[in-house]
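Coordinate inspection notes
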Amino acid sequence: DKVEGIERYRISSIEPNLISDDVIDLVKNSNKFMPHFHIPMQSGSDVVLGKMKRRYQTKLYRNKIEKIVSEVNDVCIGADVIVGFPGETQEEFNKTLNFIKDLPLSYLHVFTYSERANTEAATMKGVVDKNVRHQRSKMLRILSAKKKRAFYEKNIGTTRTVLFEHDNKDGYIQGFTENYVKVKVDYDPGLRNQSIKVKLNDFAEDGTIHGQILN
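The paragraphs below set out a description of the structure included in this document. Just so we're clear, the structure is a prediction, and the values are computed from it rather than from any experiment.

**Looking at the pairing of strand β3 (residues 76–83)**
Across the eight residues that make up β3, a large majority, eight, are buried. Neither face of β3 is left uncovered, since the one carrying Cys76, Gly78, Asp80 and Ile82 and the one carrying Ile77, Ala79, Val81 and Val83 both have all their residues buried. The pairing of strand β2 (residues 33–38) with β3 spans three bridges and is parallel. The residue of β3 that forms the bridge with His38 is Gly78. When β3 meets strand β4 (residues 107–112), the two strands line up parallel, connected through six bridges.

What follows is the structure in structure tokens.
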């Protein structure tokens, strides 16, 4: 946090059982650690989490998410989820679906389980049909899109600092706010790698937000 010359850090893929109050306080009070966490969930079923040998269960996960949201203003929280793990019955999948619906998450990274040789999971009973895996993955991706849109909507009308990237995409340059909202403005090569105050106006067709640079 004290290193000179670096403006932004993001905490990516930190297990929920490793998120201490000190980590949350650091992000809350830092100007360099962005209000953005990516926290693997993998399943909203304690039965499936046990089969995966995760070191946490849903109660701990929920408590961590709710604490972060209550402590860190405008925070963005993403999660990894695996569907179709052996033993994931329809009931256990429904638990995951409802668990996610009930959490203040901003987006999901959804992965469909696939067998890998020489792993314990490949020998487990309760193999989920591949078509069922596909359908479950699709359901969670739709839910993720809804979560992301709702999160973006909360940010429309606010002023954020956007760190712009390099590419010219159809006449626009894109970047991310502190809390990981993707914003685009009319292309200007002078904006590359610059942190600029931008007002977030409305949705663009590609799912980003149209921004207005403030003087």
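**Topic: helix α5 (residues 130–155)**
Between the first and last C-alpha of α5 there are 38 Å, a value that for 26 residues agrees with the 38 Å anticipated at 1.5 Å per step. Of all the positions in α5, only Arg133, Arg136, Ser137, Leu140, Leu143, Ser144, Lys147, Phe151, Tyr152 and Asn155 are classed as buried. Following α5 by one or two positions, Gly157 has its phi on the positive side, about 95°.

**Quick look at the side chain of Gln174**
Tracing the sequence through the fold places Gln174 in strand β6 (residues 172–176). Among the polar contacts listed, one links the side chain of Gln174 to the side chain of Lys182, at a separation of 3.4 Å. With near-sequence residues (within four places) excluded, Gln174 lies in contact with Phe164, Glu165, Lys169, Lys182, Val183, Lys184, Asp206 and Thr208.

**With respect to the sheet that holds strand β7 (residues 182–186)**
The strands making up a sheet are joined through hydrogen bonds of the backbone, oriented either antiparallel or parallel. Read around the barrel, five strands follow the order β5-β6-β7-β9-β8 and close on themselves; strand pairing throughout is mixed. For this sheet the average axis-to-axis angle between neighbouring strands, irrespective of direction, equals 55°. Taken together, the five bridges between β6 and β7 define a ladder with antiparallel strand orientation. From the neighbouring strand, Gln174 faces β7, where its bridge partner is Lys184. Strand contacts of α5: β5 (159–164), β7, β8 (195–203) and β9 (209–213), with the helix running at about 115° to β8, the strand carrying the most contacts.

**Re the nonpolar core**
Ranked by size, the top nonpolar core spans 30 residues in total, and within it Ile39, Met41, Tyr61, Ile68, Leu105 and Leu140 carry the most contacts. Contributions of two or more residues to this core are made by α1 (21–29), β2, α3 (58–71), β3, α4 (90–101), β4 and α5. Those residues within four positions of Leu140 in sequence are excluded, and the remaining contacts are Val81, Val83, Phe93, Leu97, Ile100, Leu108 and Val110. With 15 residues, the next largest nonpolar core counts Tyr152, Phe164, Val181 and Ile209 among its residues.

**Let's talk about the pairing of β6**
The buried fraction of β6 amounts to four of the five residues, a majority that puts the element mostly inside the structure. One ladder, built from two bridges, connects β5 with β6; its direction is antiparallel. Residue pairing in the sheet places Leu163 in a bridge with Phe176 of β6. Hairpin connection from β6 to β7: five residues lie between these consecutive antiparallel strands, with Tyr180 at a positive phi of about 70°.

**Describing the sheet that holds strand β1 (residues 9–11)**
Pairing is parallel in the open sheet, where four strands are placed in the order β1-β2-β3-β4. Looking at strand neighbours, the two that pair on one side only are β1 and β4, the edges of this open sheet. Direction aside, the axes of adjacent strands within the sheet are offset by 20° on average.

Rules and cut-offs
- Residues numbered from 1 in each chain as written.
- Predicted model: local features only at pLDDT ≥ 70, side-chain atom pairs only at ≥ 80, totals over all residues.
- Heavy atoms only, no water.
- Buried < 20%, exposed > 50% of the residue type's maximum accessible area, 1.4 Å probe, protein only.
- Helix = DSSP H or I, 4+ residues; strand = E, 2+ residues; numbered from the N terminus.
- Pairing = 2+ DSSP bridges.
- Expected span 1.5 Å × (residues − 1).
- Polar contact = N/O pair within 3.5 Å; in protein donor to acceptor, adjacent residues only side chain to side chain.
- Contact = heavy atoms within 4.5 Å.
- Axes fitted to C-alpha atoms, helices over the stretch in contact; angles between N-to-C directions.
- Core = buried A, V, L, I, M, F, W, Y, C linked by side-chain atoms within 4.5 Å.

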